[in-house]
Amino acid sequence: MPAVKFSVVLGLLGLGVFIAVALLAPWLAPYPADRVVGGAWLGPTSQAWLGTDNLGRDLLSRLIWGTRTSLSVTALAATLAFALGMLLGFLAGVQGGWVDQVISRINDVLMAIPTLILALVVLALLPKSTLVIILVLGVLEATRVLRVSRALAVDIAAQEFIEVARMRGESMGWILWREILPNAFTTLAAEFALRFIFILLFLSALSFLGLGIQPPTADWGGLARDNKDGILFGVWAALVPGAAIALLAVSLNAVADGLMDRHGRQWRGE
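Given the structure is predicted, the values throughout are model-derived calculations rather than measurements.

Calculation criteria
- Residues numbered from 1 in each chain as written.
- Predicted model: local features only at pLDDT ≥ 70, side-chain atom pairs only at ≥ 80, totals over all residues.
- Heavy atoms only, no water.
- Salt bridge = Lys/Arg side-chain N within 4 Å of Asp/Glu carboxyl O.
- Helix = DSSP H or I, 4+ residues; strand = E, 2+ residues; numbered from the N terminus.
- Buried < 20%, exposed > 50% of the residue type's maximum accessible area, 1.4 Å probe, protein only.
- Contact = heavy atoms within 4.5 Å.
- Polar contact = N/O pair within 3.5 Å; in protein donor to acceptor, adjacent residues only side chain to side chain.
- Expected span 1.5 Å × (residues − 1).

A. Here's a closer look at the pattern of salt bridges. By the definition in use, this model includes nine salt bridges. Asp-226 is the partner of Arg-62 in a salt bridge, and the nearest nitrogen-oxygen pair spans 3.7 Å. Remark: Asp-226 occurs in helix H9 (residues 220–227) and Arg-62 occurs in helix H3 (residues 59–95); sequence separation between them is 164 residues. A single burial state applies to Arg-62 and to Asp-226, both of which are buried.

Structure follows, in structure tokens:
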């Protein structure tokens, strides 16, 4: 098996493990996320396989429940980002003219503002709820998706079959859904994998700063924040969520590389 294909298989397996943990969290977690099972920052025991956190809660259970929270919020935000970004990007790329100028210039203004600073300001003003976090992350990341989608749409719209569809009198919605999207799907799927991990890192950073998922709900960024002081005493509890983020990032990058490799072979006619 070629190395690239083997890496994709490993990536899919890793991604499948994380999804399974998120879906089966109520059955896999030994304890509820907020149950205290011992003293603070204890080492691994038979009751707490990864030890305990700063409040004596089972770190493994917190990690499992945090996986469910982090992945579900990230998935919803990524879906919103792609739904909004693709719609506006395709519309700008196919329609052109003043529609393209208005959408692109507004998008440029939003992208010119540092994303983290803009998110911190918005979240500081709005209620700290999961819905608000999803909306903020989705809208901010939609600006990146819009640029990729527009570039793809401009390239595809120059093809002859798009002109044929227009001459047949097909509606704009039909062209976007039946002509543009299928031809851009592979590239956008790879972009989704990369954007997913960017949103997860963004969410974890917000939670670490106290503006993301709020306690007592467990998420990866919150786990790192709660246990960061333990590093001063040689406690590795804060590194556990970081390792989970790294493993998920590697898995998603492997899948994205595989999708882009497949797209390249299709483009070359192999």
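Now that the structure is up, let's keep going.
B. Quick look at the environment of Asp-219. Along the chain, Asp-219 falls in the loop between helix H8 (172–208) and H9. C-alpha separation for the pair Asp-219 and Leu-80, spaced 139 residues apart in sequence, amounts to 20 Å. Not counting residues within four places of it along the chain, the set of residues in contact with Asp-219 comprises Gly-66, Thr-69, Ser-70, Ser-207 and Ile-213. Engagement of the side chain of Asp-219 in a polar contact is seen with the backbone nitrogen of Gly-222, the distance being 3.1 Å.

C. Geometry of the side chain of Thr-67. Here Thr-67 shows up in helix H3. Owing to a relative accessible area of 4%, Thr-67 belongs among the buried residues under this scheme. Within the structure, the side chain of Thr-67 is placed 3.2 Å from the side chain of Trp-220, a separation counted as a polar contact. In this structure Thr-67 touches Phe-18, Val-21, Ala-22 and Trp-220, once residues within four positions along its chain are discounted.

D. Looking closely at H3. Between its first and last C-alpha, H3 extends 52 Å over 37 residues, near the 54 Å set by a 1.5 Å rise per residue. Once H3 ends, the next one or two residues include Gly-96, with phi positive near 65 degrees.

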